[in-house]
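# Reading the structure
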Amino acid sequence: MAQKGVQLDEETISCSICLDVLKDPVTIPCGHSYCMNCIKCFWDLENEKKFHSCPQCRQTFTLRPVLVKNTMLAGLVEELKKTGLQTAPADHYYAGPEDVSCDYCTGRKLKAVKSCLVCLASYCEKHLQPHYDVAQLKKHKLVEPSKNLQENICSHHDEVMKMFCRTDQQCICYLCSVDEHKGHDTVSAAAEMTERQRELEGSRQQIQQRIQDTEKDVKVLQQEVEALNRSAEETVEDSEKIFTELIRLMEKRSSEVKQQIRSQQETEVSRVKELQEKLEQEITELKRKDAELEQLSHTEDHNHFLHNYPSQSQLSESTHTSSVNIRPLRYFEDVTTAVSDLRDQIQDILRQTWTNSSSLVTQLDVLLLDPQAEPKTRAGFLKYSCEITLDPNTANENLLLSEGNRKVTVINQQQSYSHHPDRFISWFQVLSRESLTGRCYWEVEWRGTGVYVAVTYKTEVSRSGSYNECGFGRNDKSWALNCHQNNYYFWFNKIKIPVSGPQSSRIGVYLDHRAGILSFYSVSETMTLLHRVQTTFTQPLHAGLRFFYEWGDSAEFSELKTKVI
């Protein structure tokens, strides 16, 4: 109990400024006590405010109170020191170089436990207490200790930046909103943060979904690897058993036949060697012919292929019969025939096995070459460049097509297009004539306020109706990159995702339909990835363009004549 009493007294006689035991204690008119030097320094800092206040309760005094030493507290401090009172906090409470220190501590500063976004100051646990006790201070916004509080102060007006300018994409103070940002689209910083948190949550949901989908794909591939390894091991084992048995049978038959045909060996050797040389020459010729056919099969020149096919594809007659014509002794004719039949059967089996193996290897090559790898350079993308033209039957009546239907311009005069069910009525949109599958790459050059560069299923998006039914990127049937002056945004299924990247009037679009990859690039001297989509496309896609209601805005599908072969 005595120890508990000492702890209570220790808290009572501590200075709330330095958090140490009172030195030359003084009591000010509101009743709180401090070290004489601590309260003097504190009031010296307040001289410019024309008043003085209590650091704890914030009561103000018009005249600076006269400080008189509190002899009773001084005596109590001396008495407690004799009982072994600890006069300083433990070292781990003091702020180090990497810590945020308390702005109100004097001397050696303690670590801050919270920062106040209203006071723009950081507080240790002791100096933070008024924010929990005083009604006015309870409304302040407390956050984790921060060294960057001054970033919340406007450099022009020395005011807290509580607003956000959407036009210039920066935090501002109230005075800025009526000064250099007058007329701009401004909201409170809290409202903008809430909006962006919603967008961020949408982005996180997409990322999490992609993680789940990718994890499923990884699991499927792992199962495929396990199945492949298991099948290969079983096949190797079974094949070894079969070939071992076959070899054993062959050796047995060979031993039986050897004794029977040994007597003919000398007379037949020369003939067999002669036939062997012919066979080797034919093999050499066949290999040469096979190489020529392989080279012809890889040519991309149609005329060259067709011109050479009749002569290259015809094979000369074999110089030998399908079986070796051994002239056996009359007594061994049946044996020779049996051996020849066995050889032919083995050849057929080996030939079929080789064909099956080659087919399997080809299938594996296709899997290994599955188009997941995206090109790295513009030259690589140009290998897949495709010509895009716009379909007049889909163009809104305020869109003028030109340059061979590759360019579209927003005009303030409706065109006399004929009625067509594919025409967009409600929104300034147009689709490509070509459907897109496989690997495709195209570029769009835009001018004016902005444009939506999109891909979409042709019949799934409505031609008239609400924004979400018709607008590219506002539904789950279309994907769109919004290029608007100095900003990029990606839209899909009503979710808007801010995109960062260098500004360019030329946008490159890469589509790998089979792999489910859709990528948008900023194209200048280099190509910079703006956004990539990984999904599953269930139908052929069409390129699309959507415009704001600004007369004169235009976009053109570039002619990419140079293809790297």
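In this text, all values refer to a predicted model and were calculated from it rather than measured experimentally. (Residues numbered from 1 in each chain as written. Predicted model: local features only at pLDDT ≥ 70, side-chain atom pairs only at ≥ 80, totals over all residues. Heavy atoms only, no water.)

With that settled, the discussion passes to the overall build of the chain. Per the secondary structure count, the chain includes 13 helices and 23 strands. Each of the 565 residues in the chain was classed as buried or not, and the buried ones make up 33%. For the chain, the share of sequence-separated contacts (at least 6 apart) that also reach a separation of at least 24 residues comes to 55%. By element, 52% of the accessible surface of the chain is carried by carbon and sulfur atoms, the whole surface being about 36,000 Å². (Helix = DSSP H or I, 4+ residues; strand = E, 2+ residues; numbered from the N terminus. Buried < 20%, exposed > 50% of the residue type's maximum accessible area, 1.4 Å probe, protein only. Contact = heavy atoms within 4.5 Å. Areas by Shrake-Rupley, 256 points an atom, 1.4 Å probe, with all protein chains shown as cover.)

Turning our eyes to something else, we now look at the sheet that holds strand β5 (residues 114-116). The pairing of strands in a sheet comes from backbone hydrogen bonds and takes either a parallel or an antiparallel form. Taking strand neighbours across the sheet as the criterion, the 3 strands line up as β6-β5-β7 in an open arrangement whose pairing is antiparallel. Two strands close off the open sheet at either side, each with one partner strand: β6 (121-123) and β7 (142-143). Strand direction decides the pairing type here: β5 and β7, joined by 2 bridges, are antiparallel. Of the residues in β7, the one forming a bridge with Cys116 is Leu142. (Pairing = 2+ DSSP bridges.)

What follows deals with the nonpolar core. Trp442, Trp479, Ile507, Leu518, Leu545 and Phe547 are the most contacted members of the largest nonpolar core, which has 40 residues in total. Examining the composition of this core, we find that 4 residues originate from one element, strand β14 (residues 439-447), more than from any other. Look past the residues within four positions of Leu545 in its chain and what remains in contact with it is Leu390, Val408, Phe428, Gln429, Val430, Val444, Val451, Tyr452, Val453, Phe472, Ala555 and Phe557. Listed in part, the 21 residues of the second largest apolar core include Cys15, Ile28, Cys35 and Leu67. (Core = buried A, V, L, I, M, F, W, Y, C linked by side-chain atoms within 4.5 Å.)

A word on the sheet that holds strand β10 (residues 186-188). Strand order across the open sheet formed by 3 strands is β9-β8-β10, with antiparallel pairing between neighbours. Of all strands in the sheet, those with a lone pairing partner are β9 (170-172) and β10, marking the two edges. The sheet shows a mean angle of 35 degrees between the axes of neighbouring strands, direction not considered. (Axes fitted to C-alpha atoms, helices over the stretch in contact; angles between N-to-C directions.)

On to unusual backbone geometry. Here Asp24, not a glycine, exhibits a phi torsion of approximately 50 degrees, which is positive. Take Asp24: it is sitting in the loop between α1 (2-12) and β1 (25-27). The exposure class assigned to Asp24 is partly exposed, which follows from its relative accessible area of 44%. If you check the backbone angles, Gln169 has positive phi at about 55 degrees while not being a glycine. Mapped onto the secondary structure, Gln169 falls in the loop between β8 (163-165) and β9.

This part is about a nonpolar patch on the surface. A contiguous nonpolar patch, built from Phe243, Leu246, Ile247, Met250, Leu342 and Leu350 and spanning about 480 Å² of accessible area, is present on the exposed surface. Contributions of two or more residues to the nonpolar patch are made by α8 (189-261) and α11 (333-368). For the nonpolar patch, the leading source of residues is α8, giving 4 residues. Mapping Leu350 onto the fold places it in helix α11. The exposure class assigned to Leu350 is partly exposed, which follows from its relative accessible area of 43%. (Patch = residues over 30% accessible without salt bridge, like charges linked within 9 Å, V, L, I, M, F, W, Y side chains within 5 Å. Salt bridge = Lys/Arg side-chain N within 4 Å of Asp/Glu carboxyl O.)

Now for the environment of Asp24. Between the C-alpha atom of Asp24 and that of Thr71, which follows or precedes it by 47 residues, the distance is 8.5 Å. Setting aside anything within four residues of it in sequence, one finds Asp24 in contact with Tyr34, Cys35, Met36 and Lys69.

Attention now goes to the pairing of strand β17 (residues 487-492). The side chains of a regular strand alternate, first on one face of the sheet and then on the other. Within β17, 5 of the 6 residues are buried, leaving the element largely enclosed by the surrounding structure. With 6 bridges connecting them, strand β16 (residues 478-484) and β17 associate as antiparallel partners. When the bridges of β17 are listed, Cys483 appears paired with Tyr488. Connecting β16 to the antiparallel partner β17 that follows it, the hairpin turn spans 2 residues, and Gln485 within it adopts a positive phi of roughly 50 degrees. Bridge count between β17 and strand β18 (residues 495-499): 5 bridges; the pairing is antiparallel. Among the inter-strand pairings, Trp491 is bridged to a residue of β18, identified as Lys496. In this antiparallel pair of consecutive strands, β17 and β18, the connection spans 2 residues, and Asn493 shows a positive phi of 55 degrees.

For the chain, per-residue confidence averages 82 on the pLDDT scale, and 84% of positions sit at 70 or higher. Across residues 1-9, confidence stays below pLDDT 50; counting only partners more than four residues off in sequence or on other chains, it has 1 contact. Confidence drops under pLDDT 50 across residues 361-371; counting only partners more than four residues distant or on other chains, this segment forms 4 contacts. (pLDDT = per-residue confidence, 0-100.)

On to the environment of Cys35. Relative to the helices and strands, Cys35 is located in strand β2 (residues 33-35). Residues Cys35 and Leu22, 13 residues apart in the sequence, show an inter-C-alpha distance of 5.1 Å. Apart from the residues within four sequence positions on either side, Cys35 is in contact with Cys15, Cys18, Val21, Leu22, Lys23, Asp24 and Val26.

Turning our attention to the pattern of salt bridges. Two side chains of opposite charge can pair, provided their charged atoms sit close to one another. Applying the stated criterion across every chain, the model contains 19 salt bridges. With its nearest N and O atoms 2.3 Å apart, the salt bridge here joins Arg288 to Glu285. Separated by 3 residues within a single helix, Arg288 and Glu285 lie in helix α9 (residues 265-297), roughly one turn from each other. With a closest N to O distance of 2.8 Å, Arg506 and Glu443 form a salt bridge. Taken together, the positions of Arg506 in strand β19 (residues 506-512) and Glu443 in strand β14 put the pair 63 residues apart, joining distant regions of the chain. Taken together, the salt bridges that share partners define one network made up of Arg378, Glu443, Glu445, Arg447 and Arg506.

What follows deals with the environment of Asp158. The residue Asp158 is located in the loop between β7 and β8 in this model. Along the chain, Asp158 and Leu175 lie 17 residues apart, while their C-alpha atoms are 9.8 Å from each other.

Moving on to the state of the cysteines. Every disulfide links exactly two cysteines, by a covalent bond between their sulfur atoms. By the definition in use, this model includes 0 disulfides. With no disulfide of its own, Cys30 has Cys54 as its nearest cysteine by sulfur position, at a separation of 3.5 Å. Cysteine Cys440 remains unbridged, with the sulfur of Cys386 as its closest cysteine sulfur at 4.5 Å. Judged by its relative accessible area of 7%, Cys440 is buried. (Disulfide = S-S within 2.5 Å.)

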